[in-house]
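What the coordinates show
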Amino acid sequence: MSAQGASHQRYVRNVVIAVAAAVLLFWTVFPFFWILLTSLKGPGDMLSVPPKFVFTPTFDNYAALVIGEQRGQYSSTRPDFPLFFLNSIIISVGAVALSIVAGIPAAYALARFDFPMKNGLAFVLMSFRFVPFIAFVIPLYLLYQRLGLYNTHAGLIFAYQLITLPFTIWMLRSFFQEIPLEIQEAAKIDGCSWFGVLTKVILPLSMPGISVTVILGFIFCWNAFNYPLMLAGRQTFPVTVGAIQFISYEQVLWGQMAAATIVAALPQLVLSLMVQKYIVRGLTMGAVK
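Residues numbered from 1 in each chain as written. Predicted model: local features only at pLDDT ≥ 70, side-chain atom pairs only at ≥ 80, totals over all residues. Heavy atoms only, no water.

Turning to the overall build of the protein, a few remarks are in order. Scanning the protein from N- to C-terminus turns up 15 helices and zero strands. A sequence separation of at least 24 residues applies to 72% of the contacts in the protein between residues at least 6 apart. Total accessible area on the protein stands at roughly 16,400 Å², and carbon and sulfur atoms take up 71% of it. (Helix = DSSP H or I, 4+ residues; strand = E, 2+ residues; numbered from the N terminus. Contact = heavy atoms within 4.5 Å. Areas by Shrake-Rupley, 256 points an atom, 1.4 Å probe, with all protein chains shown as cover.)

Structure, rendered in structure tokens:
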């Protein structure tokens, strides 16, 4: 094949890759773009046929999340969205913190110690991620009713461990295994106990992996829907469940629901951008290769 033919093939391949990337980007971004447009529309523009891409934007839908009323044709439900947002922060941060505290020693033990049925135990922990939530939610509902944990932040934090703890243990186990064993042995020679090795050697070297685990765990908790739907009440609803409160038997407040979706997505976006370098470093340590 001539050099000109090879160059033409590379050009065609690059064009095909660029077109495929553009189609994939459009497929991924357009739903978020449409939600953003919907959140900036008034009632008349929102329900127009055909849909309007050029309109006069308004922030009434965002104001309605706080003040509970929309200037114009209709009003919203009670302005509980700030409470739902605060609940999401409390529950997500608490669940991730608990899973990190419990997951670090468990992951270190599975990565560095030898004991009977170690691999079997690791698989059992991971299997909690495979089981449908309905297998847990009914026993949890009955148990929470007896223990007084229903409709509480603590109850949801404990329930979210079924989401975050297995993931945390498996991720951190992989990151800990990437650290050379010789570093641990050198620390033991210097007189460190296993706890000293963990806190002074393993954890500092694993900070990128811990950071990416925390971020992904936070996103899982923030986006959780099934557990709070069954185990929470109006006082403890997170934003995922709170957003459907804009659906009533009279009407669907599409604009306010879209505004709530945009606001609910902001913490994940901002947090990911703030620790982007740690995410890149963590994902290249070998845990998700």
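Back to the text.
Quick look at helix H4 (residues 81-112) now. Here H4 contains 32 residues, and its C-alpha end-to-end distance of 45 Å stays within 8% of the 46 Å for a straight helix at 1.5 Å per residue. At glycine 103, H4 shows its maximal kink, close to 35 degrees; a proline, proline 105, follows between one and four residues later. (Expected span 1.5 Å × (residues − 1). Bend = angle between axes of the 7 residues up to and from the residue.)

In this section: unusual backbone geometry. With the exception of glycine, the majority of residues adopt a negative phi angle, and the majority of peptide bonds are in the trans configuration. Positive phi values are uncommon outside glycine, yet asparagine 151 reaches one of about 60 degrees. Topologically, asparagine 151 is positioned in the loop between helix H6 (134-147) and helix H7 (153-159).

Together, Leu25, Phe26, Val29, Phe30, Phe33, Phe53 and Val54 make up an exposed nonpolar region whose accessible area comes to about 730 Å². Mapping phenylalanine 30 onto the fold places it in helix H1 (residues 3-39). Classification of phenylalanine 30 by relative accessible area gives partly exposed; the value is 30%. (Patch = residues over 30% accessible without salt bridge, like charges linked within 9 Å, V, L, I, M, F, W, Y side chains within 5 Å. Salt bridge = Lys/Arg side-chain N within 4 Å of Asp/Glu carboxyl O. Buried < 20%, exposed > 50% of the residue type's maximum accessible area, 1.4 Å probe, protein only.)

It is worth spelling out the side chain of threonine 240 at this point. By secondary structure assignment, the location of threonine 240 is in helix H13 (residues 239-242). A distance of 2.7 Å separates a polar side-chain atom of threonine 240 from the backbone oxygen of alanine 224. Filtering out sequence-adjacent residues up to four positions away, threonine 240 remains in contact with Trp222, Asn223, Ala224, Phe225 and Pro228. (Polar contact = N/O pair within 3.5 Å; in protein donor to acceptor, adjacent residues only side chain to side chain.)

As enumerated under the stated definition, the model contains 11 aromatic pairs in all. With centroids separated by 5.5 Å and ring planes inclined at 80 degrees, the aromatic side chains of phenylalanine 85 and tryptophan 222 adopt a geometry described as edge-to-face. Note that phenylalanine 85 is positioned in helix H4 and tryptophan 222 in helix H11 (residues 207-223), a separation of 137 residues in sequence. Taken together, a centroid distance of 5.5 Å and an interplanar angle of 85 degrees make the contact between tyrosine 141 and tyrosine 150 edge-to-face. Ring pairs connect the aromatic residues Phe26, Phe30, Phe33 and Trp34, which therefore count as one cluster. In this arrangement the basic side chain of arginine 173 is found over the ring face of tryptophan 170, its NZ or CZ atom lying 5.5 Å from the centre. (Phe/Tyr/Trp six-rings, centres within 6.5 Å; stacked < 30°, edge-to-face > 60°. Lys NZ or Arg CZ within 6 Å of the ring centre and 35° of its normal.)

The subject of this paragraph is the nonpolar core. By size, the foremost hydrophobic cluster in this structure holds 58 residues, and its most contacted members are Tyr160, Phe176, Tyr227 and Leu231. Counting residues per element, this core draws most heavily on H4, at 11 residues. If near-sequence neighbours (up to four positions away) are discounted, leucine 231 is found in contact with Val137, Leu140, Tyr141, Tyr144, Tyr150, Asn151, Leu156 and Ala159. (Core = buried A, V, L, I, M, F, W, Y, C linked by side-chain atoms within 4.5 Å.)

This part is about the confidence of the model for the protein. Per-chain confidence: the protein averages 81 in pLDDT, with 89% of residues scoring 70 or above. When mean pLDDT is taken per element in the protein, H7 scores highest with 93 and helix H15 (residues 276-283) scores lowest with 61. Segment residues 70-77 is flagged for pLDDT under 50; beyond a separation of four residues in sequence, or across chains, it makes 26 contacts in the model. (pLDDT = per-residue confidence, 0-100.)

So, about the pattern of salt bridges. Tallied over the entire structure, the rule returns one salt bridge. Taking the shortest distance from any N to any O, the salt bridge between aspartate 80 and arginine 234 comes out at 2.7 Å. Of this pair, aspartate 80 sits in the loop between helix H3 (60-67) and H4 while arginine 234 sits in the loop between helix H12 (226-231) and H13, placing them 154 residues apart in sequence.

Packing of helix H10 (residues 194-205) against H11 leaves a shortest axis separation of 4 Å and a crossing angle of 65 degrees. When the interaxial angle is binned, H10 and H11 end up roughly perpendicular. Along its contact with H10, which presents Leu203, Pro204 and Leu205, the element H11 presents Met207, Pro208 and Ile210. (Axes fitted to C-alpha atoms, helices over the stretch in contact; angles between N-to-C directions. Parallel < 35°, antiparallel > 145°, perpendicular 65-115°, else oblique.)

The next subject is the environment of isoleucine 35. Inspection of the secondary structure assignment puts isoleucine 35 in helix H1. Linking isoleucine 35 and alanine 258, residues 223 residues apart in sequence, is a C-alpha distance of 5.4 Å. Filtering out sequence-adjacent residues up to four positions away, isoleucine 35 remains in contact with Ala258, Thr261 and Ile262.

Moving on, we get to the side chain of serine 99. Tracing the sequence through the fold places serine 99 in helix H4. Residue class for serine 99 comes out buried when judged on its relative accessible area of 1%. Here serine 99 is in contact with Ile104, Gln161, Thr164, Leu165 and Thr168, once residues within four sequence places are set aside.

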